[in-house]
Amino acid sequence: MADRIEFTEQLSAAIQAKAEWFNQVELVKLIDNFRLLHTCVRNLYEVLVKRSLITPDPYRGEQKISEIAAPSEAPYVESERSMVIGSRFSEYESMLDFICTYLKFSVDYLTIPKIKRMTELINSFQWNSMTQNNSKVNTRGLATLMQEARINASQMQLSMLTDAITKSGQAVTEIMSILKELTDFQREAYKAQLRVNYFNHPAFDKNKAFASPAEQIAEIKKIFPQVMGKQPFYSELVNEIVEEDQGADKDQRQAAVLAKLQVKQSVKKEKVNTVNTKEMIVDAIYTLSALNDVYTTVAEKLSTNVNVLEKSKNSLGAKIKRILRHLLNLPEPELIYTFVITDPKKGTKSNRNVEIRTFIGNIIRKSKFYAALANKNGPELHKIRSFDENAILEFTNKNLMENQEILTLLDSADEYFKQNVVPAERSKIKGLKMDLITIKNVIVKSTQRRSEYCSYIEEREQMKKLGIANVE
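Residues numbered from 1 in each chain as written. Predicted model: local features only at pLDDT ≥ 70, side-chain atom pairs only at ≥ 80, totals over all residues. Heavy atoms only, no water.

A.B. asks: How should the pattern of salt bridges be read in this particular structure?
C.D. replies: Pairing is possible between side chains that carry opposite charge, provided their charged atoms lie close to one another. In the structure shown here, the tally under the stated rule is 32 salt bridges. As a salt-bridge pair, Arg195 and Asp245 come within 2.5 Å of each other at their nearest N and O atoms. One end of the pair, Arg195, is in helix α5 (residues 155-199); the other, Asp245, is in helix α8 (residues 235-246), with 50 residues separating them in the sequence. Residue Arg195 is classed as buried on the basis of its relative accessible area, which comes to 2%. Judged by relative accessible area, Asp245 falls into the buried class, the value being 2%. Linked by salt bridges that have partners in common, Arg187, Glu188, Lys191, Arg195, Glu236, Glu240, Glu244, Asp245 and Lys260 make up one network. (Salt bridge = Lys/Arg side-chain N within 4 Å of Asp/Glu carboxyl O. Helix = DSSP H or I, 4+ residues; strand = E, 2+ residues; numbered from the N terminus. Buried < 20%, exposed > 50% of the residue type's maximum accessible area, 1.4 Å probe, protein only.)

Here it is in structure tokens:
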């Protein structure tokens, strides 16, 4: 009996240490890889929509997701590929968005059933085997659409498609590896919890239970609902517990379990004076170069929405005014839209008059600037590197504020067009929700880079004040 108590105590300590490691290390990697996969999938989805290879669901943004579920794998008629795969790929992207936005990445939350559903979702499309002869219906259909997207595509578009599929495959490989390891851990955590709960329960007859494996299983089944609540009864795991307690090779089994739960130690070599702080803050501004493509797309959508909205106001008076302006060669008048701005902190709303053409022009200029910034060895970043660090920090702060302002206005613009266009023209309005998520993610990432820089500088100054050597 004493050896069982000792093993249970060792097991509990190992489970706790491993859980902390998962929460602090592996699950951080997991969410990062899910975010990478989601970004790639969203970009591919937008390409397929733009090339009219799939038809977007008009009610896509209104769907409420409460639990992870994989898209259907049912066969379909080839003539309906664009509609069926478009719907399933849209559902797949929405599920990834749900995971990245709402899911809690912790050991307590990611139970065995949730991991199973997450794994089924990830396997919906096989990114490392994206071929037209794949045995999986969805993968085969998507690969066919991807091949069609390559026809007459520019070299840049081809590169983007290849890069997105490759990165998706890499992210999925990492995700599946972590989920497999997390599943193994959750199995051992389940066994450890059950072991502690029944062993300490007054209704558990230890003498009777440890008389034989069959008796132990019977005793566990008898009090299982009392000690484990609504958790499922996994016969396979209960049998493993019994083997670890009473099997002929119980010592080896117990040692194997403890070895499996050992936390991986990463060896870090201490480096002195190797941090390039200027590159840290330059990286914060470089991160914003990812806004290039999304701003180009947003500008196109806004221009389309303006045209749809203005044409819906095509009264006789408006037509006469346009003709007169054309005959007299007069410039277009300002086009002022009143956006409703919501303060996220106070929850208050205020009206903001925005000259929409100027706003679109500003977004286009930003897109061009960030396109130039995307070349790490280009003249724009070379010029920024020539500044001192304080100037680069101020420039980064300025850009973050400007992009946050654009994000706020775009959020309001999205609602404005939907609410002000006539119902008959509403289907022509281009939604911005997916673009808003991309912009927000880029701003968050750049802000994190800036915060890391500021924290390092602050820590370095504190260490200098304390007289600690080897500090730049």
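A.B. asks: Got a minute to help me understand the packing of aromatic side chains in this structure?
C.D. replies: The way to describe two aromatic rings as a pair is by their centre distance and the angle between their planes. In this structure the tally under the stated criterion is 23 aromatic pairs. Their ring planes at 65 degrees and their centres at 6.0 Å tell us that Phe34 and Phe105 sit as a pair that is edge-to-face. Residue Phe34 is found in helix α1 (residues 2-50), and its partner Phe105 is found in the loop between α2 (81-102) and α3 (112-122); the two are separated by 71 residues along the sequence. Using a relative accessible area of 16% as the deciding quantity, one classes Phe105 as buried. Over the face of the ring belonging to Tyr109 we find Lys114, whose NZ or CZ atom lies 4.6 Å from the ring centre. (Phe/Tyr/Trp six-rings, centres within 6.5 Å; stacked < 30°, edge-to-face > 60°. Lys NZ or Arg CZ within 6 Å of the ring centre and 35° of its normal.)

A.B. asks: Teacher, can you tell me more about helix α4 (residues 137-150) here?
C.D. replies: Given 3.6 residues per turn, any residue in an α-helix points the same way as the ones three and four places further on. With 14 residues, α4 should cover 20 Å at 1.5 Å per step; its first-to-last C-alpha distance of 20 Å lies within 8% of that length. Across the 14 residues of α4, ten count as buried, placing the element largely inside the fold. Of all the positions in α4, only Val137, Asn138, Thr139, Gly141, Leu142, Ala143, Thr144, Leu145, Met146 and Ala149 are classed as buried. Trailing α4 by a residue or two, Asn152 shows a phi angle of about 60 degrees, which is positive. (Expected span 1.5 Å × (residues − 1).)

Purely spatial values, then, with no claim about function.
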